[in-house]
Every structure is written in structure tokens, then in C-alpha cells.
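Notes for the structure review
In case you want the letters, here they are:
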Amino acid sequence: MTVTYYVALNSPWSFLGGPRLATLAARADAAVDVRPLDIGRLFQATGGLPLPQRPKSRQDYRLWELTRWSRRLGLTLVLHPDAFPCDERLAAACVLALKAQGGDALDLATRLGGALWVDNRDVGQRAVVESIIAAAGLDAPALLAEAEAQADRWEGERQAHTDAAIAAGVFGVPTYIVGEEPFWGQDRLDFVAEALA
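Residues numbered from 1 in each chain as written. Predicted model: local features only at pLDDT ≥ 70, side-chain atom pairs only at ≥ 80, totals over all residues. Heavy atoms only, no water.

Geometrically, a packed helix pair is captured by the angle between its two axes and the distance between the axes. Their axes nearest at 9 Å, the elements helix 4 (residues 89–100) and helix 7 (residues 140–149) cross at an angle of 110°. The angle between helix 4 and helix 7 falls in the class roughly perpendicular. Contacts between helix 4 and helix 7 pair Leu 90, Ala 93, Cys 94, Ala 97 and Leu 98 from the former with Leu 143, Leu 144, Glu 146, Ala 147 and Glu 148 from the latter. Across the contact of helix 4 with helix 7, the residue classes tally to eight nonpolar, no polar and two charged. (Axes fitted to C-alpha atoms, helices over the stretch in contact; angles between N-to-C directions. Helix = DSSP H or I, 4+ residues; strand = E, 2+ residues; numbered from the N terminus. Parallel < 35°, antiparallel > 145°, perpendicular 65-115°, else oblique. Contact = heavy atoms within 4.5 Å. Nonpolar A, V, L, I, M, F, W, Y, C, P; charged D, E, K, R; others polar.)

Next up, the structure:
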């Protein structure tokens, strides 16, 4: 079975769910099809609002939830990263290039999210992305060269994932799809596990 995973690397919720998604997919012997998308365009198409445009009550509640979930998962999140939101196009290109090579795109996507939300690093910066790739034990210069040499290809793929997500009824991230059934939010991973079982 395959979990189609729509992700934005800027999303703290995608980061929080990444390790558990990897664990449950391994237990179910399921593949994870990692699909970075353009969250701004997804919001425009589905009625979502960027964080600064949401009412204060929603922004405040988001912080309560991030605090609760970080405590539940034993993580110390930076609730207001200096570089949020960052330009994730290069990072997403690296995830897609690694995926095309058959590498662990889910692990890299999760590491990039952790760099932003735990380490307060700007994953829109090439040097930061390079160091994260290297820390994952990958050939960072080669992967970055592939991402940059075919930047138009990977950005086209990211936009195609956005189109596919909209067509599938996705309106936020992370969204996991098993068969045709969507599950929005890292707090729905128990249902994803049930669907895989």
C-alpha cells in the first residue's frame, strides 16, 4: 500500500507527524509518496488563509496546540522561528530529487522541518540545506547540484502536486491519502494506521 503524503516544509504540523508517519508506514510495509506542494496556492484555491491573515483567536489557539503537541512528543519547538515562513523551493527541489533517486525523501523532509522548528534555522538558505543533507549522510554537493540544475523540473513537479492535491480535495497540510480516503493533520495518524491495517 502507499500513503500519498502532501507536505509543506514550512509546516510545523508536517514536521511533527513525519517520524510517526515513517514508523507506521514501516510497520505496515507501506510506501510513502512524498509530495511537497505550494501551500500558498493551495490556500488560495481552497479558502485557506496564511497565518498572519487569520483572526487572533485562531493564531493563539495554534500556539496552544503546538505547545501541547511538542510536550506530548517530547520536543522543544521554537514557536516563532526567525525565518518563518521561509522560501522552501530549493529544499523541496532537494526532496524531490532525492525521491527521484529512490532515496528516503520522507526522512529529508522531516529533517528540514526540524531544522526550522527545533533548531531555528532558515531552510531557505542554500548553506543550511546543504548542511542538513550532509547530516543525513547524503552526498550534499551532488544532490544540490541536481536540484539546482533542474530547478524548473522540480518546481513544475511541486506545482503539479499542488494541482493534484486540489483535485483530491486537499485543503491543508499534512494530508495523508490511503486509497482515496484523505486524512488531514498529524493528529489523524491513528486513522492512517487503521486504514493501512
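Turning to its location among the elements, Pro 55 is positioned in the loop between helix 2 (39–46) and helix 3 (56–72). The class of Pro 55 is partly exposed, set by a relative accessible area of 42%. Taking C-alpha positions, Pro 55 is 21 Å from Trp 69, a pair spaced 14 residues apart along the chain. (Buried < 20%, exposed > 50% of the residue type's maximum accessible area, 1.4 Å probe, protein only.)

On to the sheet that holds strand 4 (residues 181–184). The strand order across the open sheet built from four strands is 2-1-3-4, with neighbouring strands paired in mixed fashion. Only two strands of the sheet have a single partner each, and these edge strands are strand 2 (31–36) and strand 4. Going from strand to strand, the sheet's axes swing by 20° on average, the running direction of each strand aside. In the sheet, strand 3 (residues 175–178) pairs with strand 4 via four bridges, with the strands oriented antiparallel. Within strand 4, the residue paired with Tyr 176 across the bridge is Phe 183. (Pairing = 2+ DSSP bridges.)

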